[in-house]
Amino acid sequence: MRIDILTLFPEMFQAVLGQSMLKLAREKELVSYHLWNIRDYTLDKHKKVDDRPYGGGPGMVMTPEPVFRAIEEVERDDSEPARKVLLTPQGERFTQSTAEALSREKRLMLVCGHYEGFDERIRQGFDFLEISIGDYVLSGGETPAMVVIDAVVRLVPGVLGDEDSPEVESFKNGLLEYPQYTKPREFRGLKVPDVLISGHHERIQQWREDQAQERTRIKRPDLLKRPGPKTVSR
Ligand code: ADE
């Protein structure tokens, strides 16, 4: 998968893309990251990328010219057409199922805004999937883009080893994950449940299913109301 990131702050991505799973995915050549600075595409002699909103009001709005030029030129950098994503609090809520759908794309282009928002013609000019990572306003689309990249890249086949398969994790089957324990069997008086040490696979599976149901009911009852299966994978 090729991921193009259009931003006014490409340096913000270096640390996140250069560590851990996202770095490993690149080293395995399963993904490539391409950072582009929107400011490089302005025709303005002062390299201006924002301006005051027509009609008045607070803050600054991203001007269409550099964003249009950046998207068009980056698109041409590869013959594979890019699925374009605009990070915005107005977008549809990002979920695990959106991450799964995006992980099947060959090429993603993530467009990060800054300031109060985008000139509306940017939305009109392209066929974007608009994504919000939650109902709060951040200072820009950069941290949301990192969230999307992390959630998507770990689902690209081969990125995680078999042992870390994403099959059993929270949300995959509409439920939160069951409680997990590792060594030691007792820590500061807190014990690992006997069933997990029993070696009895059916009882362990039943316990995990019950725990996942119960946790979801208590912590995230909204998930139980969503359509789709509610199972714990085996
Ligand atoms: N840009 C600013 N806030 C955002 C959010 N919550 N999600 C996506 N992009 C954003």
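Everything numeric in this text was worked out from a predicted model, so none of it was measured.

Let us now look at the overall build of the chain. Counting secondary structure elements, the chain contains 8 helices and 10 strands. In terms of overall dimensions, the chain has a C-alpha envelope of 70 × 40 × 35 Å along the principal axes. Within the span of the chain, comprising 234 residues, buried residues form 40% of the whole. Total accessible area on the chain stands at roughly 14,000 Å², and carbon and sulfur atoms take up 49% of it. Of the side chains in the chain, 35 bear a positive and 39 a negative charge, and the two mean positions are spaced by 4 Å.

The subject of this paragraph is helix α3 (residues 64-75). For α3, with 12 residues, the first-to-last C-alpha span of 16 Å sits near the 16 Å given by 1.5 Å per residue. Considering only its buried residues, α3 is in contact with β1 (2-7), β2 (32-37), β4 (61-62), β5 (83-93), β6 (107-112) and α5 (120-125).

On to the domain arrangement of the chain. Domains assigned within the chain are domain 1 (2-153) and domain 2 (165-224). Computed from C-alpha coordinates alone, the two centres of domain 1 and domain 2 are separated by 36 Å.

Let's shift gears to the sheet that holds strand β3 (residues 50-51). The strand order across the open sheet built from 3 strands is β3-β4-β7, with neighbouring strands paired in mixed fashion. With one partner strand each, in any of the chains shown, β3 and β7 (117-118) form the two edges of the open sheet. As defined by bridge partners, β3 adjoins β4 across 2 bridges and the pair is classed as antiparallel. Opposite D50, over in β4, you have M62 as the bridge partner.

Further remarks concern the site of the ligand. If you check the shell around the ligand, you find L87, T88, P89, I131, S132, I133, G134, Y136, V137, L138, G140 and P144 and nothing else. G134 places a main-chain nitrogen or oxygen 3.2 Å from a nitrogen atom of the ligand. Y136 places a main-chain nitrogen or oxygen 2.8 Å from a nitrogen atom of the ligand. Within the complex, 96% of the 260 Å² of free accessible area of the ligand lies under protein. In a pocket analysis with a 2 Å cut-off to the grid points, the ligand is assigned to the second largest pocket. Per-element tally for the shell around the ligand: the top contributor is β5, with 3 residues. Of the residues contributing to the shell around the ligand, the split by class is 8 nonpolar, 4 polar and no charged.

Before going further, it helps to examine the pattern of salt bridges. This structure, assessed with the given rule, holds 16 salt bridges. With its nearest N and O atoms 4.0 Å apart, the salt bridge here joins K23 to E27. On the criterion of helical spacing, the pair formed by K23 and E27 is a turn pair, its members being 4 residues apart in helix α2 (residues 20-27). Notably, a salt bridge pairs R123 with E120, separated by 3.2 Å at the nearest N-O pair. Of this pair, R123 and E120 are both found in helix α5, 3 residues apart, which corresponds to roughly one turn of the helix. When salt bridges with common partners are traced through the structure, they connect R2, D4, E75, D77, D78, K84 and R107 into a single cluster.

Relative to the 16 Å expected for 12 residues at 1.5 Å per residue, helix α6 (residues 142-153) spans 16 Å between its end C-alpha atoms, a close match to the ideal helical length. The element α6 is largely enclosed, with a buried count of 9 among its 12 residues. All of the buried residues in α6 are E142, P144, A145, M146, V148, I149, A151, V152 and V153.

This part is about the side chain of E142. Summarising the element assignment, E142 is placed in helix α6. Buried and without a salt bridge, E142 has R39 as its closest oppositely charged side chain, separated by 9.5 Å. Within the structure, E142 has its side chain in polar contact with the side chain of T7 (distance 2.7 Å).

What counts and what doesn't
Residues numbered from 1 in each chain as written. Predicted model: local features only at pLDDT ≥ 70, side-chain atom pairs only at ≥ 80, totals over all residues. Heavy atoms only, no water. Helix = DSSP H or I, 4+ residues; strand = E, 2+ residues; numbered from the N terminus. Buried < 20%, exposed > 50% of the residue type's maximum accessible area, 1.4 Å probe, protein only. Areas by Shrake-Rupley, 256 points an atom, 1.4 Å probe, with all protein chains shown as cover. Lys, Arg positive; Asp, Glu negative; His and termini not counted. Charge placed at Lys NZ, Arg CZ, Asp CG, Glu CD. Expected span 1.5 Å × (residues − 1). Contact = heavy atoms within 4.5 Å. Domains from an automatic or database assignment. Pairing = 2+ DSSP bridges. Near = heavy atom within 4 Å. Polar contact = N/O pair within 3.5 Å; in protein donor to acceptor, adjacent residues only side chain to side chain. 1 Å grid on protein atoms, 1.4 Å probe; cavity = no way out; pocket = protein on both sides within 12 Å on 5 of 7 lines; lining within 4 Å. Sits in = over half its atoms within 2 Å of the grid points. Nonpolar A, V, L, I, M, F, W, Y, C, P; charged D, E, K, R; others polar. Salt bridge = Lys/Arg side-chain N within 4 Å of Asp/Glu carboxyl O.

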